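Structural characterization, general
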Amino acid sequence: MTIDPTLLEAAVRKVLAALPADEKPSASGDGVFDDMDAAVAAASTAAKNYRACSLAERRRFVQAIRDCMTLPENLDYMAAQAVIETGMGDVAHKYLKNKFAAENTPGVEDLETSAWSGDHGLTTVEYSAYGVIGAITPTTNPTETVICNAIGMLAAGNAVVFSPHPRAKNLSLWQVRKLNKALAAAGAPANLIVTVSDPSIENTNKMIAHPDVRMLVATGGPGIVHTVLSSGKKAIGAGAGNPPVVVDETADIAHAAKCIVDGASFDNNLPCTAEKEIIAVDSIADLLKFNLLKNGAYEITPEQAKQLESIILNAKGTGPNTAWVGKPACEILQAIGIEPPAGVRLVVFEAAADHPFVVHELMMPVLGLVRVPDVDAAIELAVELEHGNRHTAIMHSRDVKKLTKMGREIQTTIFVKNGPSFNGIGIGGEGYSTFTIAGPTGEGLTRTRNFARTRRCVLVDDLNIR
Ligand code: NAD
């Protein structure tokens, strides 16, 4: 049987016209492929086509990503849907995180050229694209990471294959489709941002092994960071943290307490940068606790904390029970039969330094407060509890010498002094934003130039006009 092509086209047009705007594929495809090989092949073609684009065009494409991701309806959707799909976090805080990622992630301007000129001519070193980057994203910041990676990687001239966490699948696919539409409307080559319709560990491993993927960027826990670092490819690993917050006797205690509650309850403690345990000098610990409670913390007894252990820790007690990661403080209190007073944002309790909630990265608004005799002991314990992650630490103090000592000893990528942890990623503090903080591989707060390689271009004897 032959089908009349005119009739077929008319039928397809009818079906497409009936689809809501979001579900219509753009002429250049929607960036979502059924298998990883097809996704990487499409991204490779896109990367080649992208080379022909000017820097002005690149800037326009990056702006298209920012504009698309800051549309109020998209910000609302991403924030609500992330909480619904992953079951973690806080809608209002996710809205803020996505907005900062879209507005405050560096773009093409980050690619600064170095130049030498002299009797032997002109030499430049420029930031140049890798080609195709494979980016693995976490459940805890699913859309924020896609926004900040997409901006930085495309600004550096690359195409990107995203491998999202399966628990954030639907939202990640929605986001890739949205971004493809926005890029197509801005005139970008097709498939600069792609993913697969069925994100899985198998597909992630396929992507990691694919010869056309030239660089890997993993934002997640120690397992995936180790995997990309063992791949034999250029890799950026942005891994886990367990940020301690130290409060000494010179601090503005009321301010410190407010900052700790704000930072540790932000997105229900999901950010890898959020305060995860409090270390307080004994002489101010009671005053600090009083002020924590004034700012929306609820204190439980050590016995109640014990009760919580069997709920929020995994079966082996070696880390969090995933089902409770990113849950609000009130739900956690209700789980042990406490009716939470209105406005509770954080659960605190007095803990020993080796308590599992202190030692492990929980990513829940439950913080142990450990008393220590003096600030030197506080710094020593903070270093121990950070486990050499070199991620994030926070300190409240007015003693510049001790702030300096803590910074030197703890060696973290981010060290926030006298503010909430989120000031360290450009939310309310100075500096650009990122949601890929590469402690293990040393790039730190990743930016466009980290997704580019440097290339030297030498013109001999000419173009020195001095
Ligand atoms: P996760 O490690 O479970 O997952 C991260 C990503 O890696 C997901 O896409 C997942 O599917 C993939 N993955 C995990 N193990 C894998 C394996 N063996 N093979 C292939 N793919 C694998 O982490 P999560 O729960 O989504 O996120 C929370 C963790 O990420 C925390 O430890 C947090 O500190 C860390 N994190 C770090 C940063 C940073 O910038 N340093 C940012 C966000 C989250």
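Rules behind the numbers
- Residues numbered from 1 in each chain as written.
- Predicted model: local features only at pLDDT ≥ 70, side-chain atom pairs only at ≥ 80, totals over all residues.
- Heavy atoms only, no water.
- Helix = DSSP H or I, 4+ residues; strand = E, 2+ residues; numbered from the N terminus.
- Buried < 20%, exposed > 50% of the residue type's maximum accessible area, 1.4 Å probe, protein only.
- Contact = heavy atoms within 4.5 Å.
- Areas by Shrake-Rupley, 256 points an atom, 1.4 Å probe, with all protein chains shown as cover.
- pLDDT = per-residue confidence, 0-100.
- Phe/Tyr/Trp six-rings, centres within 6.5 Å; stacked < 30°, edge-to-face > 60°.
- Lys NZ or Arg CZ within 6 Å of the ring centre and 35° of its normal.
- Disulfide = S-S within 2.5 Å.
- Axes fitted to C-alpha atoms, helices over the stretch in contact; angles between N-to-C directions.
- Left-handed = near helix turned anticlockwise from the far one by under 90°.
- Nonpolar A, V, L, I, M, F, W, Y, C, P; charged D, E, K, R; others polar.
- UniProt positions renumbered as here; feature names shortened; annotations may be inferred.
- Pairing = 2+ DSSP bridges.
- Salt bridge = Lys/Arg side-chain N within 4 Å of Asp/Glu carboxyl O.
- Domains from an automatic or database assignment.
- Buried area = accessible area lost by both parts, 1.4 Å probe.

A count of helices and strands for the chain gives 16 helices and 18 strands. Dimensions of the chain along its principal axes, counting C-alpha atoms only, are 80 × 70 × 35 Å. When burial is assessed residue by residue, the chain has 53% of its 466 residues classed as buried. Restricting to contacts in the chain with at least 6 residues of sequence separation, those with at least 24 account for 73%. In the structure as shown, the chain presents an accessible area of about 19900 Å², 54% of it carried by carbon and sulfur atoms.

Glancing now at the confidence of the model for the chain. Do not read the fine detail of predicted coordinates wherever pLDDT is low. Mean pLDDT over the chain works out to 94, with 94% of the residues at or above the 70 mark. Note that residues 5-27 has pLDDT below 50 and, in this model, 12 contacts with residues that lie over four places away or in other chains.

Here we take up the packing of aromatic side chains. Taken as a whole, this structure holds four aromatic pairs when the rule is applied. Aromatic pair Tyr50 and Phe61: ring centres 6.2 Å apart, planes at 35°, arrangement tilted. One end of the pair, Tyr50, is in helix H2 (residues 36-50); the other, Phe61, is in helix H3 (residues 55-69), with 11 residues separating them in the sequence. Both residues of the pair, Tyr50 and Phe61, count as buried. Arg58 extends its terminal NZ or CZ atom over the ring of Tyr50, reaching a point 5.8 Å from the ring centre. Lying over the aromatic face of Trp116, Arg456 brings its terminal NZ or CZ to 5.7 Å of the ring centre.

What follows deals with the state of the cysteines. Working definition of a disulfide: a covalent bond connecting the sulfur atoms of two cysteines. Counted according to the given criterion, the structure contains zero disulfides. Here Cys457 is not disulfide-linked; the sulfur of Cys53 is the nearest cysteine sulfur, at 20 Å. Judged by relative accessible area, Cys457 falls into the partly exposed class, the value being 47%.

With that out of the way, let us pick up the packing of helix H6 (residues 142-155) against helix H7 (residues 169-185). Following both chains from N to C, one finds H6 and H7 inclined at 35°, their axes separated by 10 Å at the closest point. Of the two elements, H6 crosses H7, and the hand of that crossing is right-handed. Mapping the contact onto sequence places Pro142, Thr143, Val146, Ile147 and Leu154 in H6 and Leu171, Gln175, Leu179 and Leu183 in H7. Across the contact of H6 with H7, the residue classes tally to seven nonpolar, two polar and no charged.

Under the UniProt annotation, "domain: Aldehyde dehydrogenase" (unreviewed entry) lies at residues 34-434. Annotated as 44% helix and 18% strand, the span residues 34-434 places its first and last C-alpha atoms 30 Å apart.

Right, let's get into the pairing of strand E12 (residues 346-350). Summarising burial for E12: four of the five residues are buried, a large majority. Of the strand pairs in this sheet, strand E11 (residues 297-299) and E12 are connected by three bridges, and their pairing is parallel. By the bridge assignment, Tyr298 is partnered in E12 with Val347. In terms of strand pairing, E12 meets strand E13 (residues 366-372) through four bridges, oriented parallel. Counterpart to Glu350 in the pairing with E13 is Leu369.

In the structure shown here, the tally under the stated rule is 19 salt bridges. For the salt bridge of Glu112 with Arg449, the shortest nitrogen-to-oxygen distance reads 3.6 Å. Separated by 337 residues along the polypeptide, Glu112 in the loop between helix H5 (91-104) and strand E2 (114-118) and Arg449 in the loop between strand E17 (444-445) and strand E18 (452-460) bring together distant segments of the chain. Glu350 is paired through a salt bridge with Arg371; the nearest N and O atoms lie 2.7 Å apart. Here the residue Glu350 occupies a position in strand E12, and Arg371 occupies one in strand E13, the gap between them amounting to 21 residues. Classification of Glu350 as partly exposed rests on a relative accessible area of 24%. A cluster of three or more residues bridged by salt bridges with shared partners is formed by Asp282, Asp286, Lys289, Glu299, Glu350 and Arg371.

What follows is about the domain arrangement of the chain. For an interface, size is often stated in terms of accessible area lost upon the parts coming together. If you check the domain split of the chain, you get domain 1 (25-239 + 446-456) and domain 2 (244-429). One C-alpha centre belongs to domain 1, the other to domain 2; they are set 32 Å apart. Contact residues are listed per partner, giving 14 residues for domain 1 and 15 residues for domain 2. Around 1100 Å² of area is buried between domain 1 and domain 2 when both sides are counted, 58% of it from carbon and sulfur atoms. Viewed at the interface, domain 2 and domain 1 are joined by two salt bridges. Residue Asp267 is joined to Lys97 by a salt bridge in which the shortest nitrogen-to-oxygen separation is 2.5 Å.

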